[in-house]
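# Fold and contact review
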Amino acid sequence: GQNIDQPTEMTATEGAIVQINCTYQTSGFNGLFWYQQHAGEAPTFLSYNVLDGLEEKGRFSSFLSRSKGYSYLLLKELQMKDSASYLCAGFSGGYNKLIFGAGTRLAVHP
Amino acid sequence: DTAVSQTPKYLVTQMGNDKSIKCEQNLGHDTMYWYKQDSKKFLKIMFSYNNKELIINETVPNRFSPKSPDKAHLNLHINSLELGDSAVYFCASSQDGSQPQHFGDGTRLSIL
């Protein structure tokens, strides 16, 4: 199979840094996406890693290690509006589709 | 301008009815998708079309029939609705499968 695992819930404090991990089976995926989804809204694209290493985009960064089947999303200077679900998704080139994890629900507290 | 728009936003209907959800994208993308997000928030691909051709058809009951009249539109028709069909259905589009997908606002389907 092509399982994607990420923690169900996390909490963090406003202004802090949080890292959301995602692990997947190494075979079959050609890239790793992160999406943000606020309650009752559509998922929105955050980042895409194809090669190993860190991609930085403002307060958000994403890391990929293909050999370890591991990715993380790093959120810095947390704001209350960052409270949302964060979805890790692997791109299967062979099947030309995204396979989503169940999402990590992040709650940011004052 | 809304990039991916789907209608209706809410759909409440009775078991056994037939209903349709429409989706349109103005991004010029070649690929469109239908996803189902259940109560546990799992987002699962149902169908994908590339330039009006079906390329992904997951294990979905044949009561669900997608139709793409042109590459900017992908509609979803559901026959004989069942209680288990209650979910949020998202339409999305991307230039191709490896590119970021843009999602519509979702259609919340409730079966009574």
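Quick caveat, the model's predicted, so the values are computed rather than measured.

So, on to the layout of surface pockets. Here the largest pocket is characterised by a volume of approximately 240 Å³. If you trace the largest pocket, you find 17 residues lining it, with Q37(A), H38(A), A39(A), G40(A) and K41(B) closest to the centre. Put simply, the parts of the chain that give the lining of the largest pocket at least two residues each are strand 9 (84-92) and strand 11 (104-109) of chain A together with strand 9 (87-94) of chain B. For the lining of the largest pocket, the leading source of residues is strand 9 of chain A, giving three residues. Of the residues belonging to the lining of the largest pocket, the class tally is seven nonpolar, six polar and four charged. The volume enclosed by the second largest pocket comes to roughly 200 Å³. Taken together, 13 residues line the second largest pocket, and the ones lying closest to its centre are I99(A), F100(A), F42(B), L43(B) and K44(B).

Interface size is commonly expressed as the accessible area that is lost once the parts come together. Taken together, the 18 residues of chain A in the interface contact 19 residues of chain B. For the pair chain A and chain B, the two sides together bury roughly 1,500 Å², of which 59% comes from carbon and sulfur. The largest share of the area that chain A buries against chain B comes from N96(A), K97(A) and F100(A), three residues that together contribute 30% of it. For the pair chain A and chain B, the number of links is one salt bridge. Note that E58(B) and K97(A) form a salt bridge whose closest N and O atoms lie 2.9 Å from each other. Connecting chain A to chain B are four residue pairs in polar contact (both at pLDDT 80 or more). Of all the secondary-structure elements, those providing two or more residues to the side of chain A that touches chain B are strand 4 (31-37), strand 5 (44-49), strand 9 and strand 10 (97-100) of chain A. Taken together, the residues that form the side of chain A that touches chain B break down as twelve nonpolar, four polar and two charged.

Side chains of nonpolar character tend, in soluble globular proteins, to be buried together. Residues and elements named next belong to chain A. Counting 21 residues, the largest nonpolar core has I4, W34, L75, L78, Y86 and L106 as its most contacted members. Where this core is concerned, the elements lending two or more residues are strand 3 (18-24), strand 4, strand 7 (60-65), strand 8 (70-75), strand 9 and strand 11. If near-sequence neighbours (up to four positions away) are discounted, I4 is found in contact with C22, T23, Y24, F29, C88, A89, G90, I99, F100 and G101.

Residue and element names in this part refer to chain A. Within the structure shown, the criterion is met by two disulfides over all chains. The disulfide that involves C22 links it to C88, with 1.9 Å between the sulfurs. Measuring handedness by torsion sign, the sulfur bridge of C22 and C88 sits at about -70° and is left-handed. In this pair, C22 is assigned in strand 3 and C88 in strand 9, connecting sequence segments 66 residues apart.

Right, let's get into the sheet that holds strand 7 of chain A. Strands sit in the order 1-3-8-7-6 (chain A) across an open sheet of five strands; the sheet is antiparallel. Edge positions in the open sheet fall to strand 1 (4-5) and strand 6 (53-57) of chain A, since each of these has one partner strand only.

Another aspect to go through is unusual backbone geometry. Residue and element names in this part refer to chain B. Following T7, the chain continues into P8 via a peptide bond in cis, with omega recorded as -5°. Residue placement: P8 occurs in the loop between strand 1 (4-7) and strand 2 (10-13). Positive phi is not limited to glycine here, since N51 has a value of about 50°. Note on placement: N51 falls in the loop between strand 5 (43-50) and strand 6 (53-57).

Now for the pattern of salt bridges. Residue and element names in this part refer to chain B. Using the criterion set out here, one finds eight salt bridges over all chains in the structure. The residue E82 makes a salt bridge to R63 at a minimum N-O spacing of 3.5 Å. You can see E82 sitting in the loop between strand 8 (73-78) and strand 9 and its partner R63 sitting in the loop between strand 6 and strand 7 (64-70), a full 19 residues away along the chain. By relative accessible area, R63 is classed as buried at 13%.

The rules behind these values
- The numbers attached to residues start from 1 for each chain and follow its sequence in the written order.
- As a convention, the first chain written is A and the first ligand written is 1, with the rest following in written order.
- Since the coordinates come from a predicted model, pLDDT governs what is reported: local features require at least 70, and pairs of side-chain atoms require 80 or more to be given and counted, while whole-chain, interface and lining totals use all residues.
- To obtain the side-chain values, all non-hydrogen atoms of the structure were used and water was disregarded.
- Using a grid of 1 Å spacing that covers the protein atoms alone, one calls a set of points a cavity when a 1.4 Å probe fits there but cannot get out, and a pocket when the set is open and has protein on both sides within 12 Å along at least five of seven lines; lining residues are those with an atom within 4 Å of a point.
- Grid points are joined across faces, edges and corners, and a volume is the space filled by probe spheres set on the points.
- Secondary structure elements are defined from DSSP: runs of H or I of at least 4 residues count as helices, runs of E of at least 2 residues count as strands, and each element is numbered from the N terminus.
- Note that Gly is not counted as nonpolar here; it falls among the polar residues with everything else outside the nonpolar set of Ala, Val, Leu, Ile, Met, Phe, Trp, Tyr, Cys and Pro and the charged set of Asp, Glu, Lys and Arg.
- When checking whether two residues touch, look at their non-hydrogen atoms; a contact exists if any pair is within 4.5 Å.
- Buried area is calculated as the accessible area (1.4 Å probe) missing from two parts once they are joined, with the contributions of both summed.
- The salt bridge definition used is simple: a Lys or Arg side-chain nitrogen within 4 Å of an Asp or Glu carboxyl oxygen.
- Under the rule applied, a polar contact is a pair of N or O atoms within 3.5 Å (in protein, one hydrogen donor and one hydrogen acceptor; residues adjacent in sequence only if both atoms are side-chain atoms).
- For our purposes a nonpolar core is just a set of buried Ala, Val, Leu, Ile, Met, Phe, Trp, Tyr and Cys residues, chained together by side-chain atoms within 4.5 Å.
- Per-residue accessibility, obtained with a 1.4 Å probe over protein chains only, is compared with the maximum for each type, and a residue is labelled buried under 20%, exposed over 50%, and partly exposed between these values.
- In what follows, a disulfide is any cysteine sulfur pair within 2.5 Å.
- Two strands qualify as a pair provided that DSSP identifies no fewer than 2 bridges between them.

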